[in-house]
Amino acid sequence: MTNIAFIGLGNMGNPMAANLVKAGLSVTGFDLVADNLELARAHGLSIAESAPGAVEGADVVITMLPAGQHVLSVYRDVLEKARAQTLFIDSSTIDVDSARQAHKLARDKGMLTVDAPVSGGVGGAEAGTLTFMAGGSDEAFRLAEPILDPMAGRIVHCGDGGAGQAAKICNNMILGISMIGVGEAFVLAEKLGLSHQALFDVASTSSGQCWSINTYCPVPGPVPTSPANNDYKPGFAAALMLKDLKLSQEAAQSAGVATPLGASAMQLYALFNAAGEGGTDFSGIINFLRGQEKK
Ligand code: NAD
């Protein structure tokens, strides 16, 4: 049987690991937070006392951690304990430079590596319908695919090491920019006396259509499942959108590329977060644009 070490059992990692157990895989987990370990135990994971302890005897190591520094630190801790040719899959959303460093650290020790960040949020993690954006060699990806499958709705091989992270932050830069654009259009429409439904009916079927309006409309009414109908509870929290936009701007700077709308979107989400709205769904930025954010 394939033995999996799963490190980072937070909001995303815990349900993802639970789906691996449900698929019949043997999973040993580790996290720094005792409550997360208890939940993982209830999901059928074995619990290790440390990250290196989880990795001993593993064929695959999956990490789901907050940021690049955590991934690099865990890799440095565990690589000595891993067998050669162990498959390392990092599903955290991290900066492209750290992702490439993580690949190099592990490859230099004879490991196979894939960066495989996800979209789909906690709901997708629970349902096993995440989209994985993977970067790594053809051989590593071929081995990773059946491991990711129980957690996935879709798995896309985007290129070599770091390509998954690059795809993730480019996608989320589009999303941050488009949500602000849609929000501005609704605020303007209100001032012009146009109803939300009228703008939705036109834009969602015309050249203004995009995910931010068609699927995740930021005003209550036109799309009943969007967080706007649930007091802007996330969904996808504004704090995570700000994180991803910052990563996009770090990557743009590192690659010497001008992304002025990405930079503006990052600044607006920084102001929205600073107004105490980090825990609000990112579509709630429409209320900030209107000048009516919660106090
Ligand atoms: P989280 O904070 O709930 O979980 C991260 C976990 O990592 C925590 O439980 C923490 O204790 C653990 N951790 C940190 N350092 C550790 C270490 N050295 N050893 C072991 N465990 C350690 O975060 P999350 O929401 O699960 O997100 C995880 C990653 O997935 C992030 O990179 C995030 O950007 C990304 N992501 C999150 C969502 C979402 O909707 N929550 C969606 C897509 C991607």
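It should be emphasised that the depicted structure is a prediction, and the values quoted were computed from it without experimental measurement.

What counts and how
Residues numbered from 1 in each chain as written. Predicted model: local features only at pLDDT ≥ 70, side-chain atom pairs only at ≥ 80, totals over all residues. Heavy atoms only, no water. Helix = DSSP H or I, 4+ residues; strand = E, 2+ residues; numbered from the N terminus. Buried < 20%, exposed > 50% of the residue type's maximum accessible area, 1.4 Å probe, protein only. Near = heavy atom within 4 Å. Polar contact = N/O pair within 3.5 Å; in protein donor to acceptor, adjacent residues only side chain to side chain. Areas by Shrake-Rupley, 256 points an atom, 1.4 Å probe, with all protein chains shown as cover. Nonpolar A, V, L, I, M, F, W, Y, C, P; charged D, E, K, R; others polar. Domains from an automatic or database assignment. Expected span 1.5 Å × (residues − 1). Pairing = 2+ DSSP bridges.

**Student:** Help me understand unusual backbone geometry, please; the structure alone is not making it clear to me.
**Tutor:** Negative phi is the rule for most residues except glycine; trans is the rule for most peptide bonds. Between Pro 234 and the following residue, Gly 235, the backbone shows a cis peptide bond with an omega angle of 15°. Here Gly 235 lies in the loop between helix H10 (211–214) and helix H11 (238–255). Even without being a glycine, Gln 85 presents a positive backbone phi close to 75°. As for its placement among the helices and strands, Gln 85 is situated in the loop between helix H4 (68–78) and strand S5 (87–90). Despite not being glycine, Tyr 232 shows a phi value in the positive range, around 60°. As for its placement among the helices and strands, Tyr 232 is situated in the loop between H10 and H11. Look at Tyr 232 and you get buried, because its relative accessible area is 10%.

**Student:** Where do I start with the site of the ligand in this structure?
**Tutor:** Surrounding the ligand, one finds 22 residues, the nearest of these being Asn 11, Met 12, Asp 31, Asn 36 and Lys 243. A distance of 2.9 Å separates an oxygen atom of the ligand from a polar atom in the backbone of Met 12. Measuring from an oxygen atom of the ligand, one finds a side-chain N or O atom of Asn 36 at 2.9 Å. Across the complex, the protein chains shield 85% of the 840 Å² of accessible surface that the ligand would expose by itself. When contributions to the shell around the ligand are tallied by element, the ones reaching two or more residues are helix H6 (121–127) and H11. Within the shell around the ligand, the residues separate by chemical class into 12 nonpolar, seven polar and three charged. Taken domain by domain, the shell around the ligand gets at least three of its residues from each of domain 1 (3–160) and domain 2 (166–290).

**Student:** Can you help me understand helix H8 (residues 163–191) in this one?
**Tutor:** Every α-helix winds through 3.6 residues per turn, so residues three or four apart in the chain are directed the same way. The end-to-end C-alpha distance of H8, which contains 29 residues, comes to 43 Å, matching closely the 42 Å that a straight helix rising 1.5 Å per residue would cover. Looking at the residues trailing H8, positive phi occurs at Gly 193, about 80°.

**Student:** I tried to follow the pairing of strand S1 (residues 3–7) on my own but got confused; where do I start?
**Tutor:** Walk down a regular strand and you will see the side chains alternate between the two sheet faces. A large share of S1 lies buried, amounting to four of its five residues. The pairing of S1 with strand S2 (residues 26–30) spans five bridges and is parallel. Of the residues in S2, the one forming a bridge with Ile 4 is Val 27. Inspection of the sheet shows S1 paired to strand S4 (residues 60–63) by four bridges, in the parallel sense. Residue pairing in the sheet places Phe 6 in a bridge with Ile 62 of S4.

Taken by themselves, the reported measurements are silent on function.
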